[in-house]
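# Inside the fold
Now for the letters of each chain:
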Amino acid sequence: MSITAAILAYGEADNLRILLPQIDAQLRSIGEEYEILIVDAAVPMDDTADVCKGVATYINQEEPFFAGAFRTAIKYATKEKFLILDGDCSHDPKYIPAVNAKFDETGADVVIGSRYVEGGVSNDSKTSYMMSQILNGMFRKALKVQASDISTDYRMYHTAALKKVTLTCERYDVLQEVLLRLKIANGGTLRIEEVPIEFNKRAFGESKRQLFVFIMHYVRTIIQLTCLRRLYEKNPTELKVDDERAELLTNVILYIDIGCVGALVDYIFFCISQAIYPFPEVANVVGAVFGFFFTFYFNTFFNYISRGHYTAKFCSYALVCLVGTFVSTGMMYMGKEYLNIYLLQIFCIAVAAAVQFVLNRVITYRIFGDEGPRNPNAR
């Protein structure tokens, strides 16, 4: 057997000076053929390339964000086993032999260096620890996998299995997606083993995670992976169709959720405006404008995750909202003499929302899709 050890670096030269000799020593002690891959940012930020000389193979990520670097590492891995660990010194290389031994002895699909099994330790902040526990609990239910720590990337996989799956997530949520994709590719089963490790705070530099973006992408991914798993369980033979349906269901669920919160934003600003300037017509416009901007922002960046052509998207989204308003107003005019006005309003809102969803999905976020290549250096 042989091992590819991959580190996704992003301005981590100072940490790699410490890590690389340790990783090299631990891999050498195992006695198997190995290679070390360092996946640096597309546009280098420091002297990582120099640090790698004579120790590791240096490559630049070919897709943006963390998941893009992860896919780049998988693409260039040439050995039978794929080991990955953080490049900020939070993952101690001394556990590599134990992870490898567990992988070989148990025949597991994935072995995780875990903070949360007996003997594991997390030296992270209390806030990060609580968020991690919540995240792990939610994803265990979403994926139906048996593991204590599925938010860490101290892992060993079968390289061939990784190369067969298609990963669509962009950020750190790819760590959960890859488990479900491997489970589906393996006929609905995934054997995960865990080895206790001590997780430490990074040695040098600052975390690249943006908390708000991190949370919003995880919310979307939990919904999408839950939909994908349930659809797969109903029909395990049509993976491509299931992917498309999962994406559609995710869009629908998020569109409704964003719309409900947008209605609340509308109402709050209506009340504020009414208190400051007591003209309901003006307050209604103010609330509608804030609600519109809220729903446009979250649908664009967290539901459809669409980049570029922002002016065209904005204008299209506004026109679609006007179409929805026209439809609901016409229904109100024609039905007010036959139905209770409040029940009719609920029905009108539902119909208008359905019309807007279809038009925005087909026009706003498909015709005016992503604009050109994304920033390959984004993380």
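Counting restarts for each chain, with residues numbered from 1 along the sequence as it is written. For a predicted model such as this one, the threshold for reporting local features is a pLDDT of at least 70, and the threshold for listing and counting side-chain atom pairs is 80 or more; totals across whole chains, interfaces and linings nevertheless cover every residue. Heavy atoms throughout the structure, all of them, feed into the side-chain values; hydrogens and water do not.

This next bit is on the environment of F298. Put simply, DSSP H or I for four residues or longer makes a helix, DSSP E for two residues or longer makes a strand, and each gets a number counted from the N terminus. Secondary-structure assignment places F298 in helix α10 (residues 280-303). Each residue is placed in one exposure class: buried if its accessible area under a 1.4 Å probe, protein chains only, is under 20% of its type's maximum, exposed if it is over 50%, and partly exposed if it falls in between. Owing to a relative accessible area of 14%, F298 belongs among the buried residues under this scheme. Each C-alpha atom of the pair F298 and Q176 lies 23 Å from the other, and the pair is 122 residues apart in sequence. Whether two residues are in contact is decided by their heavy atoms: any pair within 4.5 Å suffices. Contact partners of F298, with chain neighbours within four places excluded, come to F212, M216, I258 and N303.

Turning our attention to helix α4 (residues 96-106). Note on helix geometry: an α-helix contains 3.6 residues per turn, so any two residues three or four positions apart are oriented the same way. Listed as buried for α4 are I96, V99, N100, F103 and T106. Down the axis, α4 shows its buried residues gathered within 155° of arc, on one side only. Residues of α4 that are buried make contact with β1 (2-8), α1 (13-30), β4 (81-84), β5 (110-114), β7 (155-158) and β8 (192-196). Of the residues flanking the end of α4, it is G107, one or two places downstream, whose phi is positive at about 70°. In this context, the arc is that of the directions from the helix axis out to the C-beta atoms.

The aromatic pairing rule takes the rings of Phe, Tyr and Trp, using the six-membered ring of Trp, and pairs them if the centres are within 6.5 Å, calling planes under 30 degrees apart stacked, those over 60 edge-to-face and the rest tilted. For the structure shown, the criterion picks out 22 aromatic pairs. Measuring from centroid to centroid gives 5.5 Å for F139 and Y218, while their planes differ by 75°, and the two rings are edge-to-face. Residue F139 is located in helix α5 (residues 126-143), and its partner Y218 is located in helix α8 (residues 211-234); the two are separated by 79 residues in the primary sequence. Judged by relative accessible area, which is 6%, Y218 ranks as buried. Here F269 and F290 contribute two aromatic rings whose centre-to-centre distance is 3.8 Å and whose plane-to-plane angle is 0°, an arrangement assigned as stacked. Residue F269 is located in helix α9 (residues 239-276), and its partner F290 is located in helix α10; the two are separated by 21 residues in the primary sequence.

What follows concerns the sheet that holds β8. Strand pairing in a sheet relies on backbone hydrogen bonds, with the paired strands running either antiparallel or parallel. The sheet built from seven strands is open, its strands ordered β3-β2-β1-β4-β7-β5-β8 with mixed pairing. Of all strands in the sheet, those with a lone pairing partner are β3 (57-60) and β8, marking the two edges. Mean inter-strand twist for the sheet, computed between neighbouring axes without regard to direction, equals 20°. Across three bridges, β5 lies against β7 in antiparallel orientation. Pairing of V111 across the sheet is with M156, part of β7. To get an axis, a line is fitted to the C-alpha atoms, and for a helix only the part in contact is used. The angle between two axes follows their N-to-C directions and goes from 0 to 180 degrees. Seen against the sheet, α4 touches β1, β4, β5, β7 and β8 and runs at an angle of roughly 150° to β8. Here, a strand pair is defined by DSSP locating no fewer than two bridges between the strands.

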